[in-house]
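In case you want the letters, here they are:
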Amino acid sequence: EPEGRSMPFGQVVIGPPGSGKTTYCDALISLFSKVAIVNLDPANDVTPYEAAVNLRELVDLADVMEKLHLGPNGGLLYCIDFLWKNMDWLREKLQPFQDHYILFDCPGQTELYMHNTTMRNIVTMIQKWDYRITAIHLVDSYYCSSPSTYVSSVLLSLSTMLHLELPHINVLSKIDLIEKHGRLNFDLEFFTDVQDLTYLNDHLDAEPFGAKYAKLSRVFCELIEDFSLVSFATLNIMDKHSVYNLLKAIDKSNGYIFGGLTAGNDAIMALTAGDTSWQYEKLGDVRERFITDVPDEEWESEEEDNQQQQQQQPPTPTGRFFVSDQELCDFASK
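So, a few notes on the structure that sits alongside this text. Please read all numbers here as calculations on a predicted model, not as lab measurements. Within every chain, residues take consecutive numbers counted from 1 along the sequence as written. Where local features are concerned, this predicted model is filtered to residues with pLDDT of at least 70; where side-chain atom pairs are given and counted, the filter is 80 or more; whole-chain, interface and lining totals use all residues. The side-chain values count all of the structure's non-hydrogen atoms but skip hydrogen atoms and water molecules.

### Focus: the overall build of the protein
Alright, step 1. Numbering of helices and strands runs from the N terminus, with a helix taken as a DSSP run of H or I at least four residues long and a strand as a DSSP run of E at least two residues long. Per the secondary structure count, the protein includes 17 helices and seven strands.
Alright, step 2. Taking all 334 residues of the protein together, 41% fall into the buried category.
Alright, step 3. Contacts are residue-level and defined by heavy atoms, with any inter-residue pair within 4.5 Å sufficient. Taking the contacts inside the protein whose residues are at least 6 apart along the sequence as the reference set, 73% of them involve residues at least 24 apart.
Alright, step 4. A total of about 19,000 Å² of accessible surface is found on the protein, and carbon and sulfur atoms cover 51% of it. The rule is simple: take the accessible area with a 1.4 Å probe, protein chains only, and divide by the maximum for that residue type; under 20% is buried, over 50% is exposed, in between is partly exposed. Throughout, the Shrake-Rupley method with a 1.4 Å probe supplies accessible areas, and for residues the shown protein chains are the sole cover considered.

### Concerning unusual backbone geometry
Alright, step 1. For His69, which is not a glycine, the phi torsion comes out positive at approximately 55°.
Alright, step 2. Considering the arrangement of structural elements, one finds His69 in the loop between helix H2 (61–68) and helix H3 (72–84).
Alright, step 3. What makes His69 exposed here is its relative accessible area of 71%.
Alright, step 4. Of note, Ser228 is a non-glycine position whose phi angle comes to about 50°, a positive value.

### Some remarks on the sheet that holds strand E5 (residues 132–140)
Alright, step 1. A pair of strands is labelled paired if DSSP reports no fewer than 2 bridges between them. Ordered by their spatial adjacency, seven strands build an open sheet running E3-E2-E4-E1-E5-E6-E7, and the pairing between neighbours is parallel. In this open sheet, the two edge strands, each paired with only one partner strand, are strand E3 (53–54) and strand E7 (232–234).
Alright, step 2. Bridge analysis of strand E2 (residues 35–39) against E3 gives two bridges, and the strand direction is parallel. Across the sheet, the residue bridging to Val38 is Val53, located in E3.
Alright, step 3. Comment: axis = line fitted to C-alpha atoms, over the contacting stretch for helices; angle = value between 0 and 180 degrees taken between N-to-C directions. Relative to strand E1 (residues 9–14), helix H1 (residues 21–28) is tilted by about 155°, and along the sheet it contacts E1, E2, strand E4 (101–105) and E5.

### Remarks on the side chain of Ser19
Alright, step 1. Note that Ser19 resides in the loop between E1 and H1.
Alright, step 2. Its relative accessible area of 1% is what places Ser19 among the buried residues.
Alright, step 3. Within polar-contact distance, the side chain of Ser19 engages the backbone oxygen of Pro16 at 2.8 Å. By the criterion applied in these results, polar contacts are pairs of N or O atoms within 3.5 Å in which, for protein atoms, one can donate a hydrogen and the other can accept it, and in which residues neighboring in sequence qualify only through two side-chain atoms.

### Considering the packing of aromatic side chains
Alright, step 1. Here a pair means two rings of Phe, Tyr or Trp (six-membered ring of Trp) with centres within 6.5 Å. Their orientation is stacked below 30 degrees between planes, edge-to-face above 60, and tilted elsewhere. In the structure shown here, the tally under the stated rule is 10 aromatic pairs.
Alright, step 2. The interplanar angle of 90° and the centroid separation of 5.4 Å between the aromatic rings of Phe190 and Phe191 together place this pair among those described as edge-to-face. Assigned by exposure class, Phe190 and Phe191 land together as buried.
Alright, step 3. Put simply, the rings of Phe9, Phe32, Tyr101 and Tyr256 pair up and form one aromatic cluster.

### Describing the pattern of salt bridges
Alright, step 1. Think of a salt bridge as a Lys or Arg side-chain nitrogen and an Asp or Glu carboxyl oxygen that are within 4 Å of each other. Under the defined criterion, the tally for this structure stands at six salt bridges.
Alright, step 2. Between Lys93 and Glu57 there is a salt bridge, with the nearest N and O atoms lying 3.5 Å from each other. Note that Lys93 is positioned in helix H4 (residues 87–94) and Glu57 in the loop between E3 and H2, a separation of 36 residues in sequence.
Alright, step 3. The exposure class assigned to Lys93 is partly exposed, which follows from its relative accessible area of 31%.
Alright, step 4. Where Arg218 meets Asp205, a salt bridge forms, and the shortest distance between an N and an O atom there is 2.9 Å. Highlighted residues: Arg218 in helix H11 (residues 214–227) and Asp205 in helix H9 (residues 201–206), separated in sequence by 13 residues.
Alright, step 5. For Arg218, a relative accessible area of 27% corresponds to the partly exposed category.

Given below as structure tokens:
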């Protein structure tokens with residue numbers, strides 16, 4: 001890097017509506033000495049933070065919908081296309097914040113990250129301006145409560161990763177509410193590691209919606225496992241330790257942890273002696289605080305009920321657990 005030239009770092013915060021993107025950006029303000037939030041959502045007219053750069057100054061969604069007679073989604077796509085055609089405006093607005101950590105608070109409409117190329121063009125251009133950015137894809141942990149919605153969320157995460165082509169971290173947000181709608185069918189590691197999704201088959205068949213599209217869901221599961229790219233970190237925005245653990249992963253992905261590109265920088269050597277804890281250990285606190293642990297008495301009670309049901313079943317001639325060998329021989333002689 002030429003002397004005196006800055007190399008800004010940042011995050012592109014994306015995810016479905018209601019996943020906690022704006023709350024996440026607001027929470028990070030207190031963690032950096034210099035941070036600037038760029039609001040790229042033209043529909044977000046009320047934010048808890050003061051945006052350093054606001055897309056609404058360039059184009060307003062309400063005005064676009066009124067003048068062009070477009071709906072919310074069509075108007076949003078127009079606004080993002082308008083930003084792409086006016087990237088000089090964004091670059092000029094970012095100039096005063098070259099020494100800041102940048103957070104791009106993005107819209108939640110999935111069309112922008114599935115088949116529309118404008119958002120990918122925008123982040124690619126930002127990278128060409130020498131910004132070191134990572135995509136942070138927030139997914140509400142509520143979707144883990146249903147196998148069909150979980151598969152959809154993982155598929156969306158995979159599609160977004162392949163579409164944006166950025167260093168990427170998927171996050172299960174609101175992890176403190178993960179069992180608000182009922183006990184999970186599997187351990188937390190099953191949902192964070194995204195491995196062997198065939199275990200979902202029986203649960204998909206038990207759902208009214210899942211049973212109808214069971215074959216399609218199985219194909220999606222096979223597709224996800226073939227790519228083997230998706231995994232999730234966890235986030236409780238009210239817990240500073242949870243936020244710090246997520247930031248460690250983000251700093252590694254965008255290079256912020258390595259410090260400046262100066263001679264004698266020993267950050268890479270320090271990284272080798274960094275966090276070496278296993279994923280199971282990292283999720284231990286989350287598991288203990290927010291995941292219901294089935295008491296031993298409950299397991300024993302269920303086992304006793306099963307044994308009583310087996311004892312109540314009438315013996316059958318071919319049941320090796322119900323008749324003796326002598327009885328079986330006597331029966332066969334008849």
